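Chain by chain, the residues:
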Amino acid sequence: MSRRTGAPDRGPEAHPTAGAAAKSTPKAAASTSSTAISATATSTAAAAEPRTAPTGPDPNTLPAVRRPLRRAVALTGLKTGQLLAAVFFGALTQAASVALAGTSAWLIVRASQMPPVLSLQVAVVGVRAFGITRGVSRYIERLTAHRVALNGMTNLRVRLYERMAAGTGAGAAAFKRGDVLARVGADIDDVGDLVVRGIIPAAVAAVLMIGSAAAVAAFLPVAGLAVFACLALVAVGGPAATFRAARLSESMASAARADVSASCLGIIENASELRVGGQFGRAMSDLKAQEKRLATATDAVAKPSALAASLTEIGTGLALILTLVLSAAAWHAGAITATEVAVIVLMPLAAFESVAGLPAAAAQVYKSRAAAARIVALSDAGHSPTSRPSAKRWRNDHAPEGALEAKGLTAGWQEGRPVVSGIDLRLAPGEAIGLVGPSGSGKTTLLTALAGLIEPQAGGATVGDAALFDLTSEARAETVAFIAEDAHIFATTVLENLRVAKGPLTRQEGVAVLERVGLGAWLRALPDGIDTLLDSGAASLSGGERRRLLLARALVSPAQYVLLDEPAEHLDAAAGRALTAELIAAARAAGRGIMVVSHQEDTLAPADRVYRLADGALGMVRPGHPPTKPAPNARQSGDQRSGDQRSGDRPADRP
């Protein structure tokens, strides 16, 4: 398959599990859809409306996470059996290296004494066997270790997405999008690297320290003690120095990396707006300054590594001198032979290979711990102690039935600072409601609360007798679909981007819905049609194409109710009116309720009722009239609400 224009994406959305999971079963697809749409909506809707005042908590001020590395590793589902297998083959590799060095030393010295050739055959075969064993076991160890790490990273990402989707929504919204991307991307990679670069090397070094010292002690006990002492000096001193120096420098590097990621994402997604506003040059200058700070922090991390490397050389040289002196004295006293002297002196040199990487392992442990703290903080952000416990979870096999109603709904992105207050609204199946209002009035916040993605601070939104926020992800996916103005385009095929909303979607159904939203010509021009790979974000699509693709995702969703945020954005007035009319007609034909947000009231002409959200009040612009094609369960509503409402909106992105 071909890839359209744009750089390859390395973020979490490129992970193949998102598309694969969506294909499994309808129930699994509903869960996957809810997880993907919920996590995407809450983290991307920040750009939908300008922020009038800071309303979200600063993620840098979140409470310190206790034992973050242990909690993050637990989320990876690390299998002890596979980990022990990797340690076994790693230890076997190093043991073969030590045995190869010792056997080679014995063979060289013994051969110099001109013994019968047959007396050397065992050593010759041993050298070959140890050499082959080292290569084969190294290959198996790498396969096993990377399988453990990659499976763990996949599990960690999936569970993090599930927790974000199941949370209040306000938690993820408190983070900048670039920061979220860094946490679910590079930070999860760092936790996965802990297995390959931290845990396994440390375990292998511990085994080899004891084994090598015991092997030398079998020839000369005092030399074995000397070797163990030198190995302990390198194994403890180097990592300790690295860990202490990396504590500050790595925290600097992490902050700088997050700043670079956030700035890059902001420039890529808002390049046109920055150029029009004359801010592109300033944004690039800020990015260069952040990259310079990142390079400085990276150099600072390298200094303790150099110190640890020198300590390794010192320990190796000291072990060589001590074993040479002790074994020479023992040989002079007649306690050991000349061949044993060679074995005692040369064999420990191979053992130091196992501890030489421990300083880097210590740096990785600290790096992984800092990454784990950021991951756990993101995971816990939507599950704060101040969050009200849910009264119940909807466990039925199907979504609840009934009208979507908001009664006294008060919601916001920070406890005690509501954005919308006292909202009374009712949407029955087959009905269409329009919502207009200026930027920053809280339209996106209202839709997010009506979708059950953020917990109401008062009142609530219900379908039938079930509170939306208390629905399971499966039930919520079948009940309400919220398509944010800035919803995400995943780095996968066009078809898989539609299957985010409906896992069992066929290619024929996908092509039909794309034709319906006006993307037929665009689809036919793609190199691989509906199987063409897209880049994430807006890199491979124009603004209008992106909006239409998101609307196609809304049409294939199995949800009873569809909430659309600015579906006509990036389209001309005539195209916007035609597309909105098509969406409303399609929803009515399917007996689904639909709520459309727009800045232009004339695009909402086909709606049954139109409300305006402004100046702290939800007022009726145009009363309801019977739908042209009433659905079997459609019921009319003329509810409207008046009362106080606070202006403002959720925290916007800061690139």
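That block above? That's the structure.
Starting afresh in each chain, residues are numbered from 1 along the sequence in its written order. The predicted nature of this model means local features are confined to residues of pLDDT at least 70 and side-chain atom pairs, given and counted, to a pLDDT of 80 or more, with totals for whole chains, interfaces and linings taken over all residues. Values shown for side chains rest on all heavy atoms present in the structure; no hydrogens or waters enter the calculation.

(A) Structural context of the side chain of T532. Put simply, DSSP marks the helices as runs of H or I at least four residues long and the strands as runs of E at least two long, and each gets a number from the N terminus on. Residue position: T532 is located in the loop between α18 (520-525) and α19 (543-556). Its relative accessible area of 0% is what places T532 among the buried residues. Two N or O atoms form a polar contact when they lie within 3.5 Å of each other; inside protein one atom must be a possible hydrogen donor and the other a possible acceptor, and for residues adjacent in sequence the pair counts only when both atoms belong to side chains. At a separation of 2.9 Å, a polar atom in the side chain of T532 contacts the main-chain carbonyl oxygen of G529. Only protein chains enter the calculation, and the probe is 1.4 Å; a residue is then buried if its accessible area is under 20% of its type maximum, exposed if over 50%, and partly exposed in between.

(B) Representation of the packing of aromatic side chains. Each pair of aromatic rings taken from Phe, Tyr and Trp, with Trp reduced to its six-membered ring, is defined by centres within 6.5 Å and is described as stacked if the planes are under 30 degrees apart, edge-to-face if over 60, and tilted in the remaining cases. A complete count under the given rule lists one aromatic pair for this structure. Judged by centre distance (5.2 Å) and plane angle (75°), the ring pair of F88 and F89 falls under edge-to-face.

(C) Spatial organisation of the environment of E485. As for its placement among the helices and strands, E485 is situated in the loop between β6 (480-483) and α16 (494-499). Each C-alpha atom of the pair E485 and D565 lies 5.0 Å from the other, and the pair is 80 residues apart in sequence.

(D) Main features of empty space enclosed by the protein. The rule is simple: put a 1 Å grid over the protein atoms alone, call a set of points where a 1.4 Å probe fits but cannot get out a cavity, call an open set with protein on both sides within 12 Å along at least five of seven lines a pocket, and count a residue as lining if it has an atom within 4 Å of a point. Grid points are joined across faces, edges and corners, and a volume is the space filled by probe spheres set on the points. For the structure on display, the rule yields seven cavities of 30 Å³ or more. The computed volume of the second largest cavity comes to approximately 80 Å³. Looking at the second largest cavity, the residues that line it are V73, T76, L78, V148, A149, G152, M153, V191, G192, L194, V195 and I199. In terms of residue count, helix α8 (residues 186-219) provides more of the lining of the second largest cavity than any other element does, five residues in total. Amino acid classes used here: Ala, Val, Leu, Ile, Met, Phe, Trp, Tyr, Cys and Pro are nonpolar; Asp, Glu, Lys and Arg are charged; the rest, including Gly, are polar. The residue inventory of the lining of the second largest cavity, partitioned by class, reads nine nonpolar, three polar and no charged.

(E) Highlighting a nonpolar patch on the surface. Candidate patch residues must exceed 30% relative accessible area and have no salt bridge, after which like charges are joined if within 9 Å and Val, Leu, Ile, Met, Phe, Trp or Tyr side chains if within 5 Å. Computed with the Shrake-Rupley method and a 1.4 Å probe, the accessible areas treat only the protein chains shown as cover for residues. One side-chain nitrogen of Lys or Arg within 4 Å of one carboxyl oxygen of Asp or Glu is enough to make a salt bridge. Taken together, the side chains of L233, L318 and L322 present a nonpolar region at the surface, about 210 Å² in accessible area. Along the polypeptide, L318 turns up in helix α11 (residues 280-332). Exposure remark for L318: the relative accessible area of 37% places this residue in the partly exposed category.

(F) Geometry of helix α3 (residues 68-75). Turning to α3, its buried residues number three or more, namely P68, L69 and A72. For α3, the buried positions fall inside an angular range of 95° around the axis, keeping them on one side. Within α3, the exposed residues directed more than 90 degrees away from the buried face are R70 and A74. G77 sits one or two residues past α3 and shows a positive phi near 65°. An arc is given here, and it is the one of the directions from the helix axis to the C-beta atoms.

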